[in-house]
Amino acid sequence: GKPIAGARVVATNASEPLPVVDPRRDGVVTGTDGAFAIAALSAGTWRLTATAGERAPVTSVPLSVDGEHARRGVELVMTEGAVVRGTVLDATGAPVAGAEIRVVARGFVDWRPRRQAFSGTDGTFAITGLARLAVEVVAWHDSGASAIAPVDLAATPKAQLTLALDVKGAISGTVVDRAGQPLGDAQVIAEPDWSGGMADRVAWSVRGVQQAVTDQGGAFRFAGLPDGAYRLRAARPGASEAALDLASSVTAKPGDSAVKIVVAADGRITGKLQLPDATAPLAFSVALGSSRPVAFSSKDGAFALPAAAGSYPVTFSGFGFVTIAKPATVTEGKDTDLGTITVNPGRSISGRVVDETGVPVAKATVAAGSLLTGGGAELYIKDESIGAKDTETDADGRFVLDGFPPSTLTVVAGKANAGRSASIQLPAGPDSATLELRLGRTTKLTGKVTRAGAPVADTVVIANPIGAVASNFFVTTGPDGAFTLDALAPGAYIVYPMLGEGGRGPKDMYTRRVDLALGASANVAIDATPGPVSLAVTVKTDKGGAVPGAQLIVFGAAVNPQTVAELRDGTNFPFSDRVIPIYLRGVAGGSATIEGMTAGPHTLCALLGDPRDPASLQFRCSPATLGGGSRQTATVVVPHAWVE
């Protein structure tokens, strides 16, 4: 009960999915009486986190702030911090000085809490002031790395470890230019090649990104690499992040000692963009590969920009035309002229945004795209959305968005302090659409995710409106497993934590249905406890051949989806106030394995085609009832013609 002076307290918006907070700049320091005050917090849900020397960090429960009245009497109780001590040893048992030790909280996002230290001359280290939770500890040195050691600091707050540097895999080589001259101070990065059977994939975020800078002879070396295949890329000294992303890769495995990475000089991409009537778009952007787009505006639609040598797609996007990608091969020191590219105006979405009484709303945001992603309070996050465009309504509440392809589109509108519309899904087709989007009061959804009775921290939770599957709103759980979405339109949602990777990576989703009523908050508890069953799934053709590659979606219930959209739409899921697990896995060589399943009815679906082209997707589902055995098998059969 004694006051703690000198503690640093910072406020984080609990409804913001990707908060950027610097405690040194954004925090306040407690006085001799332990008191603190944080001014000018906007309306919403906040968490307070306090840190103080060797005490354990403490994070408050979510706290509601109305933006007008002070929230007083908040008390943060700090306890003795956990400690990880130990010694780093080499293969002979001798202590290793200068080894980096990393302690990373267990969780399912890359930005979860982590602390680092270095071993002393006697190989010992101590990291104090840790939170009492489950962590993973790893050591790294120029001579090798340790295995990842799991430690439950809640059960053992004072852990003593011996970390042996017995992961000895190393890759070395040189970076040269096209003439064979070594490049000093070149940037080099090594990433697992997931197609190479990398066994340490799940743990990679604990080990961290492998980066190096070459010496003046162009030499580099990566040490402490687990078995598997790696892709190595390099860029010239001082090159942009985009140049490193676009660089051609070289595949290598631990033990390779003469890897040569050739870095070519930049070239240039030029061309001209025009509409069917030969006029130029008012403004557009050009993106090389997955790098950030570069904006252009010219009378004749001409563009020119430096580009790394290599082959990759060039994407053109902007208002007034459909986003288009063109393949390009850039030669060092030369211009690659893509010529005149005629873009398609595409379909448009126009209309008006009104409030609950039908009055037009000016300066409301309207967004549309193939996938719209927002936060717990943010309507729309551009960088997290796909094929999306946005605009603001004029004084009469009117808007126009154009340049969309004839695919399924999702539309949503909103304005701070005025409400938001429901997410609307437009069917695929070439026709333009005129809409009236009505803003209404938003509702608040809170909840908690647990696993075997313990809170699941640092995990993405997504709310999908049922019937508008390509609309996502996401946040992350706090240390107590709790989450808050402050501003959702009323309606029915599928809510789930995503345990695993984004995109097409392996993941488990424990889904529940939540119905949000106007003017009423809702709370949902999600139990993400895995079961004891390991299921080996075979995907083959009706001629008996293995399917070389596919996506496997397994539902923990008997469902009968008729379309690709229904595979995750949730409309026909038999929720009945229970959790329905959904497992996503990649199929390689005709097989996939899912751990942690439970007994009972399931539906196994194999999905073939390119997810970026919904028209190409085909799927076939098979029912399966799992028994009580720990290891079971199942098969999904697809037409042989699909593989051909």
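Note: the structure precedes this text.
Residues numbered from 1 in each chain as written. Predicted model: local features only at pLDDT ≥ 70, side-chain atom pairs only at ≥ 80, totals over all residues. Heavy atoms only, no water.

Considerations on the overall build of the chain
Basically, it comes down to this: Labels follow the DSSP assignment, with helices taken as runs of H or I lasting at least four residues and strands as runs of E lasting at least two, numbered in each case from the N terminus. Note on method: radius of gyration uses C-alpha positions; expected globular size equals 2.2 Å times residues raised to 0.38. Accessibility here uses a 1.4 Å probe with only protein chains present; expressed as a share of the type maximum, an area under 20% marks a residue as buried, one over 50% as exposed, and anything in between as partly exposed. Only the protein chains shown count as cover for residues, and all accessible areas are computed by the Shrake-Rupley method using a 1.4 Å probe. Two residue types count as positive, namely Lys and Arg, and two as negative, namely Asp and Glu; His and chain ends fall outside the count. Where a charge sits is defined by one atom per residue type, namely NZ (Lys), CZ (Arg), CG (Asp) or CD (Glu).
Assigned secondary structure in the chain consists of 5 helices and 51 strands. Against the globule reference of 26 Å for 644 residues, the chain gives a C-alpha radius of gyration of 27 Å, in line with a compact fold. In terms of principal-axis extent, the alpha carbons of the chain reach across some 75 × 70 × 55 Å. Within the chain, the proportion of its 644 residues that are buried is 48%. Split by element, the accessible area of the chain, about 30100 Å² in all, is 52% carbon and sulfur. If the 57 positive side-chain charges of the chain are averaged to one point and the 60 negative ones to another, these points end up 2 Å apart.

Examining the packing of aromatic side chains
Defined as follows: For Phe, Tyr and Trp, rings pair up if their centres lie within 6.5 Å, where Trp contributes its six-membered ring, and each pair is then called stacked (planes under 30 degrees apart), edge-to-face (over 60) or tilted (otherwise). Whether a charge lies above a ring is judged from NZ of Lys or CZ of Arg, which has to be within 6 Å of the ring centre and within 35 degrees of the ring normal.
Counted under the stated rule, the structure contains 7 aromatic pairs. Seen in terms of ring centroids, Phe555 and Phe573 are 5.5 Å apart; in terms of plane orientation they differ by 70°. Their pairing is edge-to-face. Pair noted here: Phe555 is in strand β46 (residues 549-555) and Phe573 is in the loop between α4 (566-569) and β47 (580-588), with a separation of 18 residues, a long-range link. Each member of the pair, Phe555 together with Phe573, is buried. Every member of this aromatic cluster is reached through a ring pair, and the members are Phe284, Phe296, Phe303 and Phe316. For the cation-ring pair, Lys389 lies above Phe404, with the distance from its terminal atom to the ring centre recorded as 5.5 Å.

Things to note about the sheet that holds strand β25 (residues 310-317)
As a reminder of what qualifies: In this scheme, strands are said to pair when DSSP sees at least two bridges between them. To get an axis, a line is fitted to the C-alpha atoms, and for a helix only the part in contact is used. The angle between two axes follows their N-to-C directions and goes from 0 to 180 degrees.
Taken together, the 4 strands give an open sheet; going across it, the order is β23-β22-β25-β26, and neighbouring strands pair in antiparallel fashion. In this open sheet, the two edge strands, each paired with only one partner strand, are β23 (294-296) and β26 (324-330). Strand-to-strand twist of the sheet, defined as the mean angle between neighbouring strand axes without regard to direction, takes the value 30°. Two strands pair when backbone bridges link them, and β25 and β26 are joined in this way by 7 bridges, in the antiparallel orientation. Within β26, the residue paired with Tyr312 across the bridge is Ala328.

With respect to the sheet that holds strand β9 (residues 124-130)
Within a sheet, neighbouring strands are paired by backbone hydrogen bonds and run either parallel or antiparallel to one another. The strand order β9-β6-β13 describes an open sheet built from 3 strands, whose pairing is mixed. Of all strands in the sheet, those bounded by a partner on one side alone are β9 and β13 (158-164). Sheet twist, expressed as the average angle between the axes of neighbouring strands with direction ignored, equals 20°. Relative to β13, strand β6 (residues 82-89) is paired through 7 bridges, and the arrangement is parallel. Within β13, the position partnered with Thr87 by the bridge is Thr162.

Overview of the environment of Ser248
Tracing the backbone shows Ser248 in the loop between α3 (241-246) and β19 (250-252). Since its relative accessible area comes to 51%, Ser248 is described here as exposed. Taking the C-alpha atoms as reference points, Ser248 and Phe222, separated by 26 residues in sequence, lie 18 Å from one another.

Focus: the side chain of Arg47
Filter applied, for reference: The term polar contact refers here to a pair of N or O atoms within 3.5 Å; inside protein, the definition further demands a hydrogen-donor-capable atom paired with an acceptor-capable atom, and it admits residues adjacent in sequence only when both atoms are side-chain atoms.
As for its placement among the helices and strands, Arg47 is situated in strand β3 (residues 44-51). Residue Arg47 is classed as buried on the basis of its relative accessible area of 9%. Here the side chain of Arg47 touches Asp480 through a polar contact of 3.0 Å, side chain to side chain.

As for the nonpolar core
Defined as follows: We call a set of buried Ala, Val, Leu, Ile, Met, Phe, Trp, Tyr and Cys residues a nonpolar core when their side-chain atoms join them within 4.5 Å. Any two residues having at least one pair of non-hydrogen atoms within 4.5 Å are treated as being in contact.
Counting residues in hydrophobic clusters, the biggest one holds 43 residues, and the most contacted among them are Leu445, Phe483, Leu485, Leu488, Val495, Met597 and Leu604. It is strand β45 (residues 533-541) that contributes the most residues to this core, 4 residues altogether. Not counting residues up to four positions away in its chain, the partners in contact with Leu488 are Arg420, Thr442, Thr443, Leu445, Ala463, Phe473, Tyr493 and Leu516. With 23 residues, the next largest nonpolar core counts Ile462, Phe474, Ile494 and Leu584 among its residues.

Focus on the pairing of strand β51 (residues 631-638)
A one-sided burial pattern is seen for β51, the buried positions being Gln632, Ala634, Val636 and Val638 and the unburied ones Arg631, Thr633, Thr635 and Val637. Here β45 pairs with β51 via 8 bridges, running parallel. Counted as the bridge partner of Leu535 is Gln632 from β51.

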